Amino acid sequence: MLGSALCAVAWNTGALVGFRVLQAVGGALLTPASLGLVLAATPPERRAAAVRLWVAFGGLGAALGPVLGGLLVEVQWRWVFLVNVPIGIAALIVGWRLLPNPAGTGGRLPDGFGALALVGSVAALILALVKGEDWGWASPTTIGGFVAAVVLAIAFAISSRRHHSPVLDPALLRLPNFGLMIGNSLLFNVAFAGMLLSAVLWAQNVWGWSALQSGLAIAPGPLVVPPVAILAGRLIARWGAGPVIAAGGVTFAAGILWWTAAVTLEPNFAGGLLGGMVLTGVGVGLTLPTSFAAGTAGLPPQRFATGSAVLSMARQIGLAIGVAVFVAVVGAPEGTDATLQAFQHGWYVVAGAAVAAGLIGLAARLPRPTDALAQPVSTVAAKG
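Here we summarise the structure given alongside this text. This structure is a prediction, so every number in the text was calculated from the model and none was measured.

Considerations on the layout of surface pockets
- By volume, the second largest pocket amounts to about 280 Å³.
- Where the lining of the second largest pocket is concerned, the elements lending two or more residues are α6 (112-135), α7 (140-162), α8 (178-206) and α13 (304-330).
- Top element by residues in the lining of the second largest pocket is α13. It accounts for 5 residues.
- For the lining of the second largest pocket, the per-class residue count stands at 14 nonpolar, 2 polar and no charged.

Some points on empty space enclosed by the protein
- Counted by the stated rule, this structure contains 1 cavity of 30 Å³ or more.
- In this structure, the largest cavity spans a volume of roughly 50 Å³.
- As for the largest cavity, its lining consists of V190, A191, G194, G322, V325, F326, G346, V349, V350 and A353.
- Of all the elements in the fold, those that place two or more residues in the lining of the largest cavity are α8, α13 and α14 (336-361).
- Looking at the lining of the largest cavity, the element that brings in the most residues is α14, giving 4 residues.
- Among the residues making up the lining of the largest cavity, the classes are represented as 7 nonpolar, 3 polar and no charged.

Focus: the environment of L273
- Turning to its location among the elements, L273 is positioned in helix α12 (residues 269-296).
- Remark: the alpha-carbon pair of L273 and A203, spanning 70 residues in sequence, is separated by 9.1 Å.
- Setting aside residues up to four positions removed in sequence, L273 forms contacts with W207, A217, W259, V263 and N268.

Remarks on the nonpolar core
- F252, I256, W259 and W347 are the most contacted members of the largest nonpolar core, which has 60 residues in total.
- Here this core takes 11 residues from α8, the largest share from any one element.
- Counting 6 residues, the second-largest nonpolar core is a separate cluster that includes C7, A8, A10 and F19.

Parameters and conventions
- Per chain, residues are indexed from 1 in the order of the written sequence.
- Two thresholds apply to this predicted model, a pLDDT of at least 70 for residue-level local features and 80 or more for giving and counting side-chain atom pairs, whereas whole-chain, interface and lining totals are computed over all residues.
- Heavy atoms throughout the structure, all of them, feed into the side-chain values; hydrogens and water do not.
- Buried and open spaces are told apart on a 1 Å grid over the protein atoms alone, a cavity being a set of points where a 1.4 Å probe fits but cannot get out and a pocket being an open set with protein on both sides within 12 Å along at least five of seven lines. Residues with an atom within 4 Å of a point are the lining residues.
- Grid points are joined across faces, edges and corners, and a volume is the space filled by probe spheres set on the points.
- Secondary structure elements follow DSSP: runs of H or I no shorter than four residues count as helices, runs of E no shorter than two count as strands, and numbering proceeds from the N terminus.
- Throughout, the ten residues Ala, Val, Leu, Ile, Met, Phe, Trp, Tyr, Cys and Pro are labelled nonpolar, Asp, Glu, Lys and Arg are labelled charged, and all others, Gly among them, are labelled polar.
- Note on contacts: a residue pair qualifies if any of its non-hydrogen atoms lie within 4.5 Å across the two residues.
- We define a nonpolar core as any set of buried Ala, Val, Leu, Ile, Met, Phe, Trp, Tyr and Cys residues linked to one another through side-chain atoms lying within 4.5 Å.
- Categorising residues by exposure relies on relative accessible area from a 1.4 Å probe, with only protein chains included: less than 20% of the type maximum marks a residue as buried, more than 50% marks it as exposed, and the intermediate range marks it as partly exposed.

Here is the structure:
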């Protein structure tokens, strides 16, 4: 909330970026803590369904956000940040009165070196991907960026094995599905980021649409997520979590491939962008709620917040890498025909990442119909 308020009064681009970092810190604290509270406040037999409900409401927010943001930008861009202040105050008051307050486990300070190594690794990778075309892919600077990313990732892994309070506890990776869902979340969000960025860039830069028009064009995909997330409970009961996650990855990829065949240089929302957006929304509704539910199903109560934070971290890293990968693949094409071809290449990469995520998810445990993963979301909503 404070970060949003400061963004609204930013006096230049540098200040805006700095305050956006503050916003990111708040989001990094809020998101895993909220899922941890959901897990702590829900009986074991209803946790998986509660997680799917949590993700479903996130999808609804993602649908309304671009539309509301587009409306606010039409008035003045600072309102995009100011609107968060009253919402944040209301959420703070309601949360203070109603949310549970589970006791912390205490312990020593977390692994600061490991956290910095992870941030540095991701930052070096993204920098090398984004600037590779300008610097030259074979230049010492670009190669140095990739090498730094690998070295820092190794340092992070070593520190995680040795530190008493690591960012990623190796013991979590031995829990059922947890390591698999980290990989699934990472790759699927690479695809998700590429999809979202490409849709916005295409609508605004190629078709010349406004921010509001672009937000309305994106909205159908996220609007599909909540009902599909509810339906996913029945599909899990019939086929298991792994096939549902795999089906989500394949459906998402099908939506991206739809764009490669149907999107043209002339605006054709109904015949081009819409079909792919709906299919990607179905893919998100099948994949994200199921993967989060499968990943958190085996967490012990004292690891709810930590495990949720790791899954959220994988998601955010995937989003950042996805943007960088799409930018690197598309490059800076000259001319409309070259732009279409470049975006098509980017969409092929995005579809490949979604399929790879689905294949990883296919290895998730196949629960029986009585498993908590299969409980309908509506049951949790009614009881909670």
